[in-house]
Amino acid sequence: MTTKQQIESAQGKRPADLVIKNGKIADVYNRTIITGEDLAVTDGMITGIGQYEGRETIDAGGKFIVPGLIDAHVHIESSMMTPENFSRTIVPRGVTTAVTDPHEIGNVLGEKGVAYMIEAGKNAAADLFTMLPSSVPSTPFETSGAELSAMDLAPFTGDANVLGLAEVMDYPAVAGADEDMLKKIQVAKEAGKTVDGHASGLPNEALNVYRTAGIETDHECTTAAEAADRIRRGFYVMLREGSVAKDVLALLPAVTEANSHRFMFCTDDKHPDDLLAEGSIDHNIRLAVDFGIPPLTAISMATLNPAVCYGLKTKGAVAPGCEATFLFVEDLDNFHAETVFVKGKLSAQNGQMIADDPVSNELPPGLTDSVKIGAVLPEDFKVEVGTDRRANIIGVQANSLLTDHLTEKVNTNDKGQFIPDTEKDLLTLAVIERHGRTGGKGVGIVKGLGLKRGAIATTIAHDSHNIIAAGTNEDDLAKAAQMLAVNEGGLVIVCDGEEIASLALPVAGLMSTAGASEIAADLDLLHEAFKTIGSEGGFNPFLTLSFLALPVIPSLKMTDKGLFSTKRMTHIPVAFERE
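Position labels on residues start from 1 in each chain and follow its written sequence. Per-residue local features of the predicted model are confined to residues with pLDDT of at least 70, and side-chain atom pairs are confined, for both listing and counting, to 80 or more; whole-chain, interface and lining totals are unaffected and use all residues. Excluded from the side-chain calculations are hydrogens and water; all other atoms, namely the structure's heavy atoms, are used.

Remarks on the sheet that holds strand β26 (residues 490-495)
Strand pairing is assigned whenever DSSP identifies at least 2 bridges connecting the two strands. The numbering of helices and of strands both runs from the N terminus, where a helix is a DSSP run of H or I of at least 4 residues and a strand a run of E of at least 2. With respect to topology, 8 strands assemble into an open sheet ordered β21-β20-β23-β22-β25-β24-β26-β27, the strand pairing being mixed. The open sheet has two edge strands with one neighbour each: β21 (403-409) and β27 (498-504). Neighbour-to-neighbour, the strand axes of the sheet open up by a mean angle of 25°, direction not taken into account. As defined by bridge partners, strand β24 (residues 455-458) adjoins β26 across 4 bridges and the pair is classed as antiparallel. Bridging across to β26, A455 finds its partner in V494. Running over the sheet, helix α15 (residues 474-486) touches β22 (426-432), β24, β25 (467-471), β26 and β27 and is turned about 145° from β26. Contacts between helix α16 (residues 516-531) and the sheet are confined to β24, β26 and β27, with β27 contributing the most and set at about 150° to the helix. Fitted lines through C-alpha atoms serve as axes, helices being fitted only where they are in contact, and the angles separating the N-to-C directions of these axes extend from 0 to 180 degrees. Contacts were defined at the residue level, with two residues in contact if any of their heavy atoms lie within 4.5 Å.

So this is what it looks like as structure tokens:
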């Protein structure tokens, strides 16, 4: 249909394709509710609010009509699903658009992985836009499966589904005016795209550097004071509620009516079981409203604000000139999407997709068989501590990406090698390079995972996604790593030399071709199996484990090159040395 015909529909000269009557329209521009007006839809676009007749009429039954929700920053790979299956999971929750960062698969497969995620997203029920990974590898302190330079990324910027440059997390490269990093930012800016930030733990002086470099958003705030500092400097701030990092309630005190237009919601990393149980951005809205944020303000943070930030001019509102992507919601104080329309088509109702055609499991070549390790032996997990017995230890913080840098005396054998102590919750932690590049192995000590027997391991190890394993003994650690190679990646629990539970993730060692319910069922089995060898302690042990290799988050992490201190920005020995 031509623009002329849509204009005629707006004027009432031509019947609209669809008219929604008896609905209460959420006006996110004025943060008011429009009543007594029809909503006209023609050719997938909203053409009018007023009195209209249409070829099809739907009675909204007095429900609120709310714009489709936008997840401002998410790694689809963390859902363990392919883009199509991820989309089917979020659309029934009212999330019709997601700004995605294929950083995880980019670290494993480089350009091939990024291209797959972009193209697969075009076949999804939701609109899945892409931010190009800025930091592959995240830092020079670990070994990834690929490197992506500015020249590698530039060809992707012409794709309409690419919105910009994803979370710039290598602050030293920005502060040091690294040529390739600045070129990445320049390429995005010259293409009229947005540049996302990742300012975890950075002081205000560093925030000045980021903004000066052209970085516009941050999703790593953990306190209201940090959020206020970023808003003051012109950032958009994302309030994140994922499976590990749960920051919404801590950040909401920073939100006011004066500054709320600079806040957005995101999930960042969320497992399929949590998506099914809690939802996605709809869960963030409920948290905000329960906290005391006015419902229309919370809805604006989930719709209009990210649309403005990322230049999605036809999204984020229920208004003429916008896509006819909206939800029916019974109660704004208890936000749940009952009915979901995407571009004028009924797409989901009562938590289920309407047209649930099977997804093809056919994958482009080169996305599997990504776990490339040699022999892994028990002796690879020896941790040298020394005769003083005092060690640098990674301390787990429940439901946080942050860790503590602990120093404690540990048990050792007569060679000065660490002996795990389950009573003190001190375990061996190892990261094994799995991309077939160096064969490097970093080993150390972690406290707080709650493991009493056996070992757990996964190929989900942010951000380079090497194998990360924690365990009470060397034999089970070696067996767990070996089983991940057999399964082509995933999660595994081993006890007494036997695999007792696993989830295979053959797509880059990060994703399965199964749907959310099937993956969630396997995760439930893993969690139940974990209870037989440990105690969860109020957090997800596998999720927590997967972030213990991320050397851009304070304060102590493990990489395939060894123990890393973010304070000192260098690898340090496990054996404690007085400064």
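Some remarks on unusual backbone geometry
Geometrically, the link from V136 to P137 is a cis peptide bond, its omega value of 0° lying close to zero. Within the element layout of this structure, P137 appears in the loop between β10 (127-132) and α5 (150-153). In this structure, the amide linkage connecting H462 to the following residue, D463, adopts the cis form with an omega of 5°. If you trace the backbone, D463 turns up in the loop between β24 and β25. A positive phi is found at N350, a non-glycine position, where the angle reads about 50°. As for its placement among the helices and strands, N350 is situated in the loop between β18 (345-349) and β19 (352-353). The phi dihedral of A508 is positive, around 60°, even though this residue is not glycine. Mapped onto the elements of the fold, A508 is located in the loop between β27 and α16.

Re the nonpolar core
Grouping buried Ala, Val, Leu, Ile, Met, Phe, Trp, Tyr and Cys residues that are joined through side-chain atoms within 4.5 Å yields what is termed a nonpolar core. For each residue, the accessible area found with a 1.4 Å probe, counting protein chains only, is set against the maximum for its type, and the residue is called buried under 20%, exposed over 50%, and partly exposed in between. In terms of nonpolar packing, the biggest core is built from 128 residues, with L239 and I445 touching the most fellow members. Shared between two domains, this core takes at least three residues from each, and those domains are domain 1 (67-312) and domain 2 (378-571). Judged by nonpolar contacts, the second largest core, of 23 residues, contains V136, L165, V168 and L202. Where each domain starts and ends comes from a domain assignment, either automatic or drawn from a database.

Structural notes on the pairing of strand β28 (residues 556-559)
Taking every second residue as pointing to the same face, both faces of β28 are buried, with L556 and M558 on one and K557 and T559 on the other. Bridging between β28 and strand β29 (residues 562-565) involves 4 bridges; their strand directions are antiparallel. By the bridge assignment, L556 is partnered in β29 with S565.

Focus on the UniProt feature "domain: Amidohydrolase-related" (unreviewed entry) in the chain
UniProt positions are given in the numbering used here, feature names are shortened, and annotations may be inferred rather than shown by experiment. The sites that UniProt annotates as "domain: Amidohydrolase-related" (unreviewed entry) are residues 64-346. In this annotation, residues 64-346 is assigned 36% helix and 20% strand; the end-to-end C-alpha distance for the span is 16 Å.

Side note on α15
By this rule the span expected of a helix is its residue count minus one, scaled by 1.5 Å. Spanning 13 residues, α15 covers 19 Å between terminal C-alpha atoms, matching the ideal 18 Å at 1.5 Å per step. Residues D476, L477, A478, A480, A481, M483 and L484 constitute the buried set of α15. Looking at the buried positions of α15, the neighbouring elements they touch are β22, β24, β25, β26 and β27. Under the rule applied, a polar contact is a pair of N or O atoms within 3.5 Å (in protein, one hydrogen donor and one hydrogen acceptor; residues adjacent in sequence only if both atoms are side-chain atoms). The opening residue of α15, the one whose side-chain oxygen lies 3.3 Å from the backbone nitrogen of D475, is N473. Downstream of α15 by one or two residues, E488 has phi in the positive range, about 60°.

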